[in-house]
2 protein chains.
Amino acid sequence: MTDTETLSLTEIEDLAFRALVKAGTTPENARPLAAATAMTEADGIASHGLAYIPIYAQHVQCGKVDGRAKPTLSRPSAAVIRVDAATGFAHPAIDMGFDALVPMARDLGVGVLAIHNSYNCGVLGVHTRRLAEAGLLGIGFTNAPASIAPAGGKKPVVGTNPISVAAPGTDGSAAVLIDQSASTIAKSEVMKYAREGKSVPEGWVLDADGHPTTDPESGLKGSMVPSGGYKGVGIALMVEMMAATMTGATLGSVASPFSGTAGGPPRTGQFFIAINPEATSDGAYQARLSDLIASFQDQDGARLPGDARRAFRARAEAEGVAVNATLLEKVRALA
Amino acid sequence: MTDTETLSLTEIEDLAFRALVKAGTTPENARPLAAATAMTEADGIASHGLAYIPIYAQHVQCGKVDGRAKPTLSRPSAAVIRVDAATGFAHPAIDMGFDALVPMARDLGVGVLAIHNSYNCGVLGVHTRRLAEAGLLGIGFTNAPASIAPAGGKKPVVGTNPISVAAPGTDGSAAVLIDQSASTIAKSEVMKYAREGKSVPEGWVLDADGHPTTDPESGLKGSMVPSGGYKGVGIALMVEMMAATMTGATLGSVASPFSGTAGGPPRTGQFFIAINPEATSDGAYQARLSDLIASFQDQDGARLPGDARRAFRARAEAEGVAVNATLLEKVRALA
């Protein structure tokens, strides 16, 4: 049994904030990243919560991310917002973009936000959910260093590239939240097995020659198995086109790694689409969504994307989150 | 060896047009459907080309689709076009919508088209490609009668629901064309095996109790296997939300079947997003896209989505298309 200590969401956010600022992040940049860290722990995704704070702190110190960056915004067309993250954290760039995107999309019916010179944005659904909380359907794309090979090829060309869709409900929350990577399994899982010296199940990774392997180290030097074969490559390619070619960000095939200290800023990108459902559906949206959700929830054992995170979050808000004690000690030392 | 006869694309379009008009379709409605039929044959997708003309003719005659429908257009917000397909064919509704969508998306940077009261739109990529040919990145969604069950459930709630993305190249064509359904295999393939009395491979379908089966009839009464498990369900749900809840169209779980004559019009929907890449990327788009395409094409044997259709189409434009003789006889009898 792992030792844990239970923290409130406010305590998690405060701890993350102090560690980030101490590492050299400005308070303005640390605030949205600390808030997302608490939200991610609330969602039950411990792998991307406080566990990332030591990595973020290290990346500020080695220059992989500029903790003092000031993102800049432009509006090249009436319905398009562009943000240059200036090699800083993605979170303040997304915040700045959303402040302009939300009223624009409400007014015009749709708007897009293209972010370049950016960094790992953490859990993508934490961002799209905020668009749903503003009453908009949000679609998000973010690219990552390449780890998936083309169908018929063996050299990685696109990242595990997640896509997320958040659909607004009637109560100011996301009634449905889809958030999934293009690979069979998250790369962070393979890295965890590698650290622990364990074999991974078949179907997770391929070696550098494109052959199946259960050795996580060979897999990390090779490629990740795309979910559903060539269709997973298709999704990863779609995300790459949105997050990199459509934003002018760096392609995953040439981006520096998200892990380790080498290579400088990855300069990857994010793309968000926000749509006003009332405009596109002439008011039919909520009734249709409610019927769609019921068709899932009426079946015993059927899972609706987003329900697990919502349940975890409700518990976390009431009771706090149990954090691994070793990790907590590490983060506290940084704060 | 199957008997075939080679037809030019113009001959295919003309034949399809005459059969549709003779069945009771107005020339205005028959024209875009006939053009899409020729384009689909040009792409090498025989299953959705002339093979569908007898079904379309039958559906006009039984009232599953209104061949004389007049779609109507509205613009509820500055960047949103809505089209009521009036239970007619999807193709004239899409044509009417694109005429308004393309200049709007060029001007504002992005625009969306929401279509309801619609019908099977054939191959989705035939439509998104037209947006790319107009210099816009096109994303398309279309829903279908339910055939995929939720993860953990067994009753179908969403269709095999394809998604398509077409990315404009420098030469006025789609440089990349992704077009894929959310199931492991197209439902039309399972129907073909059922007609031929053959077993399907494992991993294509599940029976009504959610168990794997190789009997296509049991599969058609059960559900289609989603590509990549729960992630395929996620993609199908995303498409359902875009094509039905966001448009006010009928959900796949209650829509009448696309095949057979029973149940009246399916009233399903389509949703398209068109984005101006020059606006979102500040002019960086084409260079990034070119590098991304090269990363695929530089690998021996690697497949880039869209390349197979482009190669087939070039050959079809030069040499025509070999059409199954029995099918041709059937369509000619209708014309």
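Residues numbered from 1 in each chain as written. Chains lettered and ligands numbered in written order. Predicted model: local features only at pLDDT ≥ 70, side-chain atom pairs only at ≥ 80, totals over all residues. Heavy atoms only, no water.

- Going by what an unreviewed UniProt entry lists, chain A is known as Ldh family oxidoreductase and is assigned to [Roseibacterium] beibuensis.
- Recorded in UniProt under Sequence similarities (unreviewed entry), the annotation for chain A is "Belongs to the LDH2/MDH2 oxidoreductase family." (UniProt positions renumbered as here; feature names shortened; annotations may be inferred.)

**Observations concerning the interface of chain B and chain A**
Part 1 of the argument: The interface of chain B with chain A comprises 75 residues on the first partner and 75 residues on the second.
Part 2 of the argument: When the two sides are added together, the surface that chain B and chain A hide from each other amounts to roughly 5,800 Å², 70% of it contributed by carbon and sulfur.
Part 3 of the argument: Area buried by chain B at its contact with chain A is led by B:Lys231, B:Met246 and B:Thr280, which between them contribute 11% of it.
Part 4 of the argument: Linking chain B with chain A are two salt bridges.
Part 5 of the argument: One can count 28 residue pairs in polar contact (both at pLDDT 80 or more) joining chain B with chain A. (Contact = heavy atoms within 4.5 Å. Buried area = accessible area lost by both parts, 1.4 Å probe. Salt bridge = Lys/Arg side-chain N within 4 Å of Asp/Glu carboxyl O. Polar contact = N/O pair within 3.5 Å; in protein donor to acceptor, adjacent residues only side chain to side chain.)

**Digging into empty space enclosed by the protein**
Part 1 of the argument: According to the stated counting rule, one finds four cavities of 30 Å³ or more in the structure shown.
Part 2 of the argument: A:Ser227, A:Ile235, B:Ser227, B:Lys231 and B:Ile235 are, among the 15 residues lining the largest cavity, the residues nearest its centre.
Part 3 of the argument: Of all elements in the fold, only α8 (230-245) of chain A together with α8 (230-245) of chain B reach the threshold of two or more residues within the lining of the largest cavity. (1 Å grid on protein atoms, 1.4 Å probe; cavity = no way out; pocket = protein on both sides within 12 Å on 5 of 7 lines; lining within 4 Å. Points joined across faces, edges and corners; volume = space filled by probe spheres on them. Helix = DSSP H or I, 4+ residues; strand = E, 2+ residues; numbered from the N terminus.)

**Focus on the relation of the copies chain B and chain A**
Part 1 of the argument: With an axial shift of 0.0 Å and an RMSD of 0.0 Å, the rotation relating chain B to chain A amounts to 180°. The transformation relating the two chain copies, once decomposed into turn and shift, fits a two-fold axis. No C-alpha of chain B lies nearer the rotation axis than that of B:Gly228, which sits 2.0 Å from it. (Least-squares fit on C-alpha atoms with pLDDT ≥ 70 in both.)

**Considering unusual backbone geometry**
Part 1 of the argument: The phi torsion at A:Asp282 lies on the positive side, around 55°, for a residue other than glycine.
Part 2 of the argument: As for its placement among the helices and strands, A:Asp282 is situated in the loop between α9 (277-281) and α10 (285-297).
Part 3 of the argument: On the basis of relative accessibility, which here comes to 58%, the residue A:Asp282 falls in the exposed class.
Part 4 of the argument: A positive phi angle is found at B:Asn117, which is not glycine, with a value near 55°.
Part 5 of the argument: Within the secondary structure layout, B:Asn117 lies in strand β4 (residues 110-118).
Part 6 of the argument: By relative accessible area, B:Asn117 is classed as buried at 16%. (Buried < 20%, exposed > 50% of the residue type's maximum accessible area, 1.4 Å probe, protein only.)

**Looking at the side chain of A:Asn276**
Residue and element names in this part refer to chain A.
Part 1 of the argument: Structurally, Asn276 can be placed in the loop between β11 (268-275) and α9.
Part 2 of the argument: For Asn276, a relative accessible area of 15% translates into the label buried.
Part 3 of the argument: Each residue touching Asn276, except ones within four places of it in the same chain, is listed here: Ala105, Arg106, Gly109 and Leu136.

**Some points on the pairing of β4(B)**
Residues and elements named next belong to chain B.
Part 1 of the argument: Counted residue by residue, β4 has nine buried out of nine residues, so it is predominantly covered.
Part 2 of the argument: Relative to β4, strand β3 (residues 80-84) runs parallel, the two sharing five bridges. Considered in β4, the bridge of Val80 is made with Val112.
Part 3 of the argument: Since β3 and β4 lie parallel, the crossover through helix α4 (residues 90-108) that links them has a hand, and here it is right-handed.
Part 4 of the argument: Here seven bridges tie β4 to strand β11 (residues 268-275), and the two strands are oriented antiparallel to one another. Across the sheet, residue Val110 finds its bridge partner in β11, namely Ile275. (Pairing = 2+ DSSP bridges. Right-handed = clockwise from strand over helix to strand, strands pointing away.)

**Side note on the sheet that holds strand β9 (residues 212-213) of chain B**
Adjacent strands of a sheet pair through backbone hydrogen bonds, lying either parallel or antiparallel.
All names here are of chain B.
Part 1 of the argument: Pairing within the open sheet is antiparallel, and its three strands lie in the order β9-β8-β10. Each edge of the open sheet is held by one strand with a lone partner, namely β9 and β10 (223-224).
Part 2 of the argument: For strand β8 (residues 205-206) and β10, the ladder comprises two bridges, and the chain directions are antiparallel. Across the sheet, the residue bridging to Leu206 is Ser223, located in β10.

**A few points about the packing of aromatic side chains**
All names here are of chain A.
Part 1 of the argument: Applying the stated criterion across every chain yields a total of 16 aromatic pairs over all chains.
Part 2 of the argument: Aromatic ring contacts, followed pair by pair, group Tyr52, Tyr56, Phe89, Tyr119 and Phe258 into a single cluster.
Part 3 of the argument: Arg31 extends its terminal NZ or CZ atom over the ring of Phe17, reaching a point 3.9 Å from the ring centre.
Part 4 of the argument: When the ring centre of Tyr193 is taken as reference, the NZ or CZ atom of Lys198 above it lies at 5.1 Å. (Phe/Tyr/Trp six-rings, centres within 6.5 Å; stacked < 30°, edge-to-face > 60°. Lys NZ or Arg CZ within 6 Å of the ring centre and 35° of its normal.)

**A look at the nonpolar core**
Part 1 of the argument: A:Ile273, A:Ile275, B:Ile273 and B:Ile275 are the most contacted members of the largest nonpolar core, which totals 136 residues.
Part 2 of the argument: Among residues more than four places away in sequence, those in contact with A:Ile275 are A:Gly109, A:Val110, A:Leu136, A:Leu137, A:Thr280, B:Val112, B:Met242, B:Met246, B:Phe271 and B:Ile273. (Core = buried A, V, L, I, M, F, W, Y, C linked by side-chain atoms within 4.5 Å.)

**Some thoughts on the packing of helix α2 (residues 27-42) of chain A against helix α4 (residues 90-108) of chain A**
All names here are of chain A.
Part 1 of the argument: It is the contact of α2 with α4, at a shortest axis distance of 8 Å, that shows an interaxial angle of 95°. Accordingly, the angle class assigned to the pair α2 and α4 is roughly perpendicular. Every residue of α4 that contacts α2 at Asn29, Pro32, Leu33 and Ala36 is listed here: His91, Pro92 and Asp95. (Axes fitted to C-alpha atoms, helices over the stretch in contact; angles between N-to-C directions. Parallel < 35°, antiparallel > 145°, perpendicular 65-115°, else oblique.)

**Quick look at the pattern of salt bridges**
Residues and elements named next belong to chain A.
Part 1 of the argument: Within this structure, the stated rule accounts for 22 salt bridges over all chains.
Part 2 of the argument: Between Asp43 and Arg129 there is a salt bridge, and its shortest N-O distance comes to 2.8 Å. Here Asp43 is found in the loop between α2 and α3 (53-62), whereas its partner Arg129 is found in helix α5 (residues 124-133), with 86 residues between them in sequence.
Part 3 of the argument: Given the relative accessible area of 3%, Asp43 is considered buried.

**Remarks on the domain arrangement of chain A**
All names here are of chain A.
Part 1 of the argument: Domain parsing of chain A yields domain 1 (1-62 + 306-335) and domain 2 (73-183 + 226-298).
Part 2 of the argument: Relative to domain 2, the C-alpha centre of domain 1 lies at a distance of 22 Å.
Part 3 of the argument: Listed by partner, the interface residues are 22 residues for domain 1 and 22 residues for domain 2.
Part 4 of the argument: Across the interface of domain 1 and domain 2, roughly 1,800 Å² is buried in total on both sides, 57% from carbon and sulfur atoms.
Part 5 of the argument: Three residues, Tyr56, His59 and Arg309, lead the burial of domain 1 against domain 2; their summed loss comes to 27% of the area buried on that side.
Part 6 of the argument: Taken together, domain 1 and domain 2 are joined by three salt bridges.
Part 7 of the argument: Across the salt bridge formed by Asp179 and Arg309, the nearest N and O atoms sit 3.0 Å from each other.
Part 8 of the argument: Our enumeration of links across domain 1 and domain 2 arrives at eight residue pairs in polar contact (both at pLDDT 80 or more).
Part 9 of the argument: Elements that contribute at least two residues to the side of domain 1 that touches domain 2 include exactly α2, α3 and α11 (307-319).
Part 10 of the argument: Take the side of domain 1 that touches domain 2: its biggest share by element is six residues, from α2.
Part 11 of the argument: Here the side of domain 1 that touches domain 2 is composed, by residue class, of ten nonpolar, seven polar and five charged. (Domains from an automatic or database assignment. Nonpolar A, V, L, I, M, F, W, Y, C, P; charged D, E, K, R; others polar.)

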